[in-house]
Amino acid sequence: MMPSFAFTAAPLAPEKLFNIGPLPITNSMLVGWIGVIALIAIFGTAAKLSQLWPKSRLAFYMESLIELVYGLVRDGFGDDAKARRHFPLLFSLLVFILIGNLSGLLPGIETITYTHNGETVSLFRSWTTDLNATLALAVISLATVHYCAVKEIGFKGYVHHFFSGNLFNPMTWFIGLNELFGEVLRLVTLSLRLFGVIYGGEALLFAISSLAGNFGWLATLPIMFLEIFVCLVQAYLFMMLTTSYIVMSTTHGGEPEEHKAQPALAEG
């Protein structure tokens, strides 16, 4: 039997547990659902206990977290109205990614197995070590970015953002296509960065735990603290990159509105 603190080397692809109709359910999906249920329960309970002067520690901590993250988002947008509009999605991305990242650091979680049709697989797997999951998060993020761009600057302004010059000039098309290619790269980098860093961290813990043998729990302890920090940074980066993409895509002519207002104020 493997010790409770052991880490296992998860395969690159998530492992199927069972099917619900034609839909295969994997171990990473199961952890994702558990994470969603846990977050709904925690924040739902905190909302019920919330008061003007919270007496519950849970409500106090959750309100403090929301205020902290809202301050970061507001600074990113530089506009309180926009920050309030986009905060629910950005905050949801942050906490869901953070829970997904940290779930893989629970010692022994991937040693819990499940047997189905004669096959034994890990029952749990960190949601963000599944490339399908991180790609889905990146699609949600960038779909929101482009939707907000069309909604706020109009379809004409959206197209002008990519092809801003004379359409009969080949350089206009060259630059525009490069901009479109950059959007594809955003999708790739958002998904691969999160997947690669979290999966690589778990692989490092497995390697150190295997080399240290019975002292694996001690050898992996400093790396665990480093990985917790990395998990926080990756969740923060994903949220703030999404924020910056929304800001850049919804500014007119690639320049924030407050900068455009300055010449008119100077003239007055």
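What you see is a predicted model, and the numbers here were worked out from it, not measured in a lab. (Residues numbered from 1 in each chain as written. Predicted model: local features only at pLDDT ≥ 70, side-chain atom pairs only at ≥ 80, totals over all residues. Heavy atoms only, no water.)

## Some thoughts on the nonpolar core
So, step 1. Counting residues in hydrophobic clusters, the biggest one holds 34 residues, and the most contacted among them are Val69, Val73, Leu137, Phe238 and Met239.
So, step 2. Elements with a contribution of two residues or more to this core: α2 (57-77), α3 (80-103), α4 (131-162), α5 (170-212) and α7 (221-250).
So, step 3. Among residues more than four places away in sequence, those in contact with Met239 are Val69, Val73, Leu90 and Leu94.
So, step 4. By size, the runner-up hydrophobic cluster in this structure holds six residues, among which are Val31, Ile109, Val121 and Leu123. (Core = buried A, V, L, I, M, F, W, Y, C linked by side-chain atoms within 4.5 Å. Buried < 20%, exposed > 50% of the residue type's maximum accessible area, 1.4 Å probe, protein only. Helix = DSSP H or I, 4+ residues; strand = E, 2+ residues; numbered from the N terminus. Contact = heavy atoms within 4.5 Å.)

## Description of the layout of surface pockets
So, step 1. Its boundaries defined by the atoms lining it, the largest pocket holds a volume of some 280 Å³.
So, step 2. Considering the residues around the largest pocket, the lining is formed by 16 residues, among which Leu65, Val69, Leu94, Leu98 and Leu232 are closest to the centre.
So, step 3. Of all the elements in the fold, those that place two or more residues in the lining of the largest pocket are α1 (27-49), α2, α3 and α7.
So, step 4. Among the elements that take part in the lining of the largest pocket, α2 stands out by supplying five residues, more than any other. (1 Å grid on protein atoms, 1.4 Å probe; cavity = no way out; pocket = protein on both sides within 12 Å on 5 of 7 lines; lining within 4 Å. Points joined across faces, edges and corners; volume = space filled by probe spheres on them.)

## Side note on α4
So, step 1. Across its 32 residues, α4 extends only 29 Å between first and last C-alpha, which sits more than 12% below the 46 Å expected from 1.5 Å per residue.
So, step 2. Remark: the principal bend of α4, roughly 115°, maps to Gly154.
So, step 3. Between a side-chain oxygen at the N-terminus of α4 and the backbone nitrogen of Asn132 the separation is 3.0 Å; the capping residue is Asp130. (Expected span 1.5 Å × (residues − 1). Bend = angle between axes of the 7 residues up to and from the residue. Polar contact = N/O pair within 3.5 Å; in protein donor to acceptor, adjacent residues only side chain to side chain.)

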